[in-house]
Amino acid sequence: MRFKAPVWVGIVFVAATLLALPFALAHAGTAWVRITNFALLYVLLALGLNIVVGFAGLLDLGYIAFYAVGAYVYALLASPHFNLHLPFWLILPAGALLACLFGVLLGAPTLKLRGDYLAIVTLGFGEIIRIFLNNLSRPVNITNGPQGIARIDPFTLGSFDFSRGEKIAGLDFSGPIKYYYLLLAVTLGVIVVTVRLQNSRIGRAWEAVREDEVAARAMGINTTAIKLLAFAMGASFGGLAGGMFSAIQGFISPESFVLVESIMVVAMVVLGGMGNVWGVILGALLLSFVPELLRYTVEPVQKALFGRTLVEPEVIRMLIFGLALVLIMRFRPAGLLPSKVRKRELSERHR
Amino acid sequence: MDIFLQQLINGLTLGSVYAVVALGYTMVYGIIQLINFAHGEVVMIGAMVAFSVISALAPGGWPPLAIVAVGTACAVPVCMAIGYGLERIAYRPLRHAPRLAPLISAIGMSIILQHLAMLVWSRNFLAFPQIIKVEPMHVGGATITSVQVAIMLTSVTMMAGLALLVYRTRLGTAMRATAQNQAVARLMGVDVNRIIAVTFVIGAALAAVAGVMVGSYYGIAHYQMGSLLGLKAFSAAVLGGIGNLPGAMLGGVLLGVVEALGAGYVGDLTGNWFGSNYQDVFAFLVLIAVLVFRPSGLLGERVGDRA
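Only a predicted model underlies this, so the values are computations on that prediction, with no experimental measurement involved.

J.: Even after reading the chapter, I still don't get the overall build of chain B, so can you show me in this structure?
T.: What chain B contains, in helices and strands, is eleven helices and four strands. Here chain B has a C-alpha radius of gyration of 19 Å; the compact-globule value for 307 residues is 19 Å, and the two agree. Along the longest, intermediate and shortest principal axes, the C-alpha atoms of chain B span 60 × 50 × 35 Å. The burial tally for chain B puts 50% of its 307 residues in the buried class. Counting only contacts in chain B whose residues sit at least 6 apart along the sequence, the fraction spanning at least 24 positions is 76%.

Here it is as structure tokens:
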């Protein structure tokens, strides 16, 4: 591939920004580095779900279940709960693999369902997983129930501990900043994989199935296998993100894997422009950062306007968030950065 | 046997509430093939409005039934207005958008409704005043309360009324025509926009009554009560075959009964490994099982695929 000079300048600029970002954020407070880390986790989730919803056109409303599977695999195998402390490079893939297995288990019998039926089945699956996590504390304590699992091991490589701050080359690398670089690397890896996937034989098969399943089958595509592949792949990305969430957070409970989270990830994918990797990333970043920004601005603004807090910031935050979802869909129904195919569809429909 | 009868009665009560809510989902789906994701919140608002009215009137010494009737009479128009607003704001502008767009805007509306309710009614659990004396009646070895009887009777009446409306009136004919083919219905002089709005409004009215019933059955209202209820009711609609009115009724009742019986027996069947805290699992397990073997639901016809 040959880039022209301006492209290279752009890439260098973006790379420099991404590399310097955590230090700038740390200036505003370590909380912002953490928020950025969670935003990156959401980017991972949204990219994974995008394979299922955006590429293959299968609406999955229980995606967070795979995140939960990955998170719990990590937590159970690397915490004082069972007194197991396996290394992360072993259990992170294990979590992704188990999530993948769950994806296949759910997908194999249900993928012949279309559209909304599939949506509700996946939604039910997500709830089932959550209820089991919530209740599998007796008679044998596996998940520790609603209390969740605490003191989960952070990532460590030899003596390098991702959760502990240290000075490297004169720079202050706090725990969250280390995780930021790790997450950034993983996210870039996943972006490369999804972009390459989209333009591959498999990606084109997904698109064909999404647009017209009957025609796709007539062209010799094994539609069941290709849909199952999307499900499994999306699930394993979710599992991977879950494992990282577990390690970064250090504590997980079923609370983190409620239906609203699934819906949030779907909203990120659709809002950004499903099927378009960059749109999905934008959607994930927006929906993770905007509520946080509102958290820090709503209260001062109220104080400035009325002299006191009239309405709880949390409520206003959610009201604005809901309104934003409605308005964005109203004016950009194909998402903020629609994929080319979607754009074409929309204009055709209005001819 | 006593447990069986008791759980059957509980299940039928709960199931008839599910059925009424499910009708709202299935009507909207039948006519525009979209999930009304905010329907559960309409139920919640219904319960909340009724709660306020009933609490305000309770000390007045009116007959309890009259108070509940006034509460319902206030909840219904409020919910109808919300249903209309939902259609105008979240659905009508997006009728030709990609299928997932209205889903997201409806989710937005449901977030807004929930938090508005939280502003108005606080984030606490609100206890309905116990004005109706619970008179248990004994049937076999089980008890059935007057509230349960009232819920079942109201549900059946409303379902019958809806069936009459849909299958016996001009409006119902127009609704069915719109559901079958909007373009042709329009050519036949049906005001499609009005019919779709009316469908939302009727669904919301049913939801309001369902909200009052749930509130008085459990004696509690909460700004988040709509989510799980809506989810179950939607599952019920899918179970019966979405878009199909008798299917929603059947699915609702079935789901309620399965849930109650499951909760009643799971402990015995698994040697107390699993308890009634798994109640919510049954609804979804049954749903998945039914859909795997009957992909269009129990009474659903095989509809054309639309992505």
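Let us keep going from here.
J.: How should I be thinking about the overall build of chain A in this particular structure?
T.: Looking only at helices and strands, chain A has 13 helices and six strands in total. The C-alpha radius of gyration of chain A comes to 21 Å, within 12% of the 20 Å expected for a compact globule of 351 residues. Within chain A, buried positions represent 47% of all 351 residues. Expressed as a percentage of contacts within chain A between residues at least 6 apart in sequence, the contacts between residues at least 24 apart total 74%.

J.: Sorry, what's going on with the interface of chain B and chain A here?
T.: How big an interface is tends to be stated in terms of accessible area lost as the parts join. Taken together, the contact between chain B and chain A spans 39 residues of the former and 40 residues of the latter. Those elements giving two or more residues to the side of chain B that touches chain A turn out to be helix 3 (64-91), helix 4 (100-121), helix 9 (225-240) and helix 11 (279-293) of chain B. Considering every element that reaches the side of chain B that touches chain A, the biggest residue donor is helix 4 of chain B, with twelve residues. When its residues are assigned to classes, the side of chain B that touches chain A shows 30 nonpolar, six polar and three charged.

J.: Whenever I open this one, the packing of helix 1 (residues 2-32) of chain B against helix 5 (residues 146-168) of chain B confuses me. Can you help?
T.: Axes are the key here: two packed helices are described by the angle between their axes and the distance separating the axes. Residues and elements named next belong to chain B. It is at 9 Å that the axes of helix 1 and helix 5 come closest, and there the two elements cross at 35°. The element helix 1 and its partner helix 5 pack so that their crossing is left-handed. Residue-level inspection shows Ile-9, Leu-12, Thr-13, Ser-16, Val-17, Ala-19, Val-20 and Leu-23 of helix 1 in contact with helix 5, the latter providing Gln-148, Ile-151, Met-152, Ser-155, Met-158, Met-159 and Leu-162. A per-class count over the contact of helix 1 with helix 5 returns eleven nonpolar, four polar and no charged.

J.: Is there a simple way to think about the nonpolar core in this case?
T.: Within soluble globular proteins, side chains that are nonpolar generally end up buried alongside one another. Ranked by size, the top nonpolar core spans 209 residues in total, and within it Ala-46, Ala-230, Ala-267 and Met-268 of chain A together with Cys-79 of chain B carry the most contacts. When neighbours within four sequence positions are excluded, Ala-46 of chain A is seen to be in contact with Val-265, Met-268, Val-269, Val-280, Gly-283 and Ala-284 of chain A.

J.: For this particular structure, what's the right way to read helix 8 (residues 192-218) of chain B?
T.: Every α-helix carries 3.6 residues per turn, so stepping three or four residues along brings you back to the same face. All names here are of chain B. The terminal C-alpha atoms of helix 8, which comprises 27 residues, lie 39 Å apart, in line with the 39 Å expected from a rise of 1.5 Å per residue. Taken across its 27 residues, helix 8 has 20 buried, putting it largely inside the fold. Directly beyond the C-terminal end of helix 8, a positive phi value near 75° is found at Gly-219.

J.: What is the right way to read unusual backbone geometry from this model?
T.: The general pattern is negative phi for most residues beyond glycine and trans for most peptide bonds. All names here are of chain B. The phi dihedral of Gln-33 falls on the positive side, at around 55°, and the residue is not glycine. Structurally, Gln-33 can be placed in the loop between helix 1 and helix 2 (39-57). Despite not being glycine, Ser-122 has its phi angle at roughly 70°, a positive value. With respect to the helices and strands, Ser-122 occurs in the loop between helix 4 and strand 1 (126-127). For Ser-122, a count of 11 C-beta atoms within 10 Å puts it in the exposed group.

J.: Would you mind going over the environment of Leu-98 of chain A with me for this structure?
T.: Residue and element names in this part refer to chain A. Structurally, Leu-98 is set in helix 4 (residues 88-110). Spatially, the C-alpha atom of Leu-98 lies 35 Å from that of Ala-26, the residues being 72 residues apart in sequence. Setting aside anything within four residues of it in sequence, one finds Leu-98 in contact with Val-69, Val-73 and Gly-239.

J.: Help me out: how do you make sense of the confidence of the model for chain B in this one?
T.: Mean pLDDT for chain B: 87, with 95% of residues reaching 70 or above. In the model output, the complex is listed with pTM 0.84 alongside ipTM 0.84.

J.: Sorry, what's going on with the environment of Ser-105 of chain B here?
T.: As for its position among the elements, Ser-105 of chain B is in helix 4. Exposure remark for Ser-105 of chain B: the 28 C-beta atoms within 10 Å place this residue in the buried category. Here the alpha-carbon distance between Ser-105 of chain B and Gly-240 of chain B, two residues 135 residues apart in the chain, equals 26 Å. Contacts of Ser-105 of chain B, omitting those with residues within four sequence positions, involve Leu-325, Val-326, Met-329 and Arg-330 of chain A together with Ala-90 and Leu-94 of chain B.

J.: How do you make sense of the packing of helix 9 of chain B against helix 11 of chain B when you look at a structure like this?
T.: All names here are of chain B. Where helix 9 meets helix 11, the axes come as close as 10 Å, and the angle between the chain directions of the two elements is 25°. Relative to helix 11, helix 9 is oriented roughly parallel. Note that helix 9 runs across helix 11; the crossing there is left-handed. In this structure, helix 9 uses Lys-232, Ser-235, Val-238 and Leu-239 to contact helix 11, whose residues at the interface are Ala-283, Phe-284, Leu-287 and Val-290. Considered class by class, the residues forming the contact of helix 9 with helix 11 number six nonpolar, one polar and one charged.

J.: When you look at the environment of Lys-167 of chain A in this model, what are you seeing that I'm missing?
T.: Looking at where Lys-167 of chain A falls in the secondary structure, it is placed in strand 5 (residues 166-168). The spatial distance from the C-alpha of Lys-167 of chain A to the C-alpha of Asn-50 of chain A is 38 Å, given a sequence separation of 117 residues.

Thresholds, definitions, all that
Residues numbered from 1 in each chain as written. Chains lettered and ligands numbered in written order. Predicted model: local features only at pLDDT ≥ 70, side-chain atom pairs only at ≥ 80, totals over all residues. Helix = DSSP H or I, 4+ residues; strand = E, 2+ residues; numbered from the N terminus. Rg over C-alpha atoms; globule rule 2.2 N^0.38 Å. Buried ≥ 20, exposed ≤ 12 C-beta atoms within 10 Å, placed from the backbone. Contact = placed C-beta atoms within 7 Å. Nonpolar A, V, L, I, M, F, W, Y, C, P; charged D, E, K, R; others polar. Axes fitted to C-alpha atoms, helices over the stretch in contact; angles between N-to-C directions. Left-handed = near helix turned anticlockwise from the far one by under 90°. Core = buried A, V, L, I, M, F, W, Y, C linked by C-beta atoms within 7 Å. Expected span 1.5 Å × (residues − 1). pLDDT = per-residue confidence, 0-100. Parallel < 35°, antiparallel > 145°, perpendicular 65-115°, else oblique.

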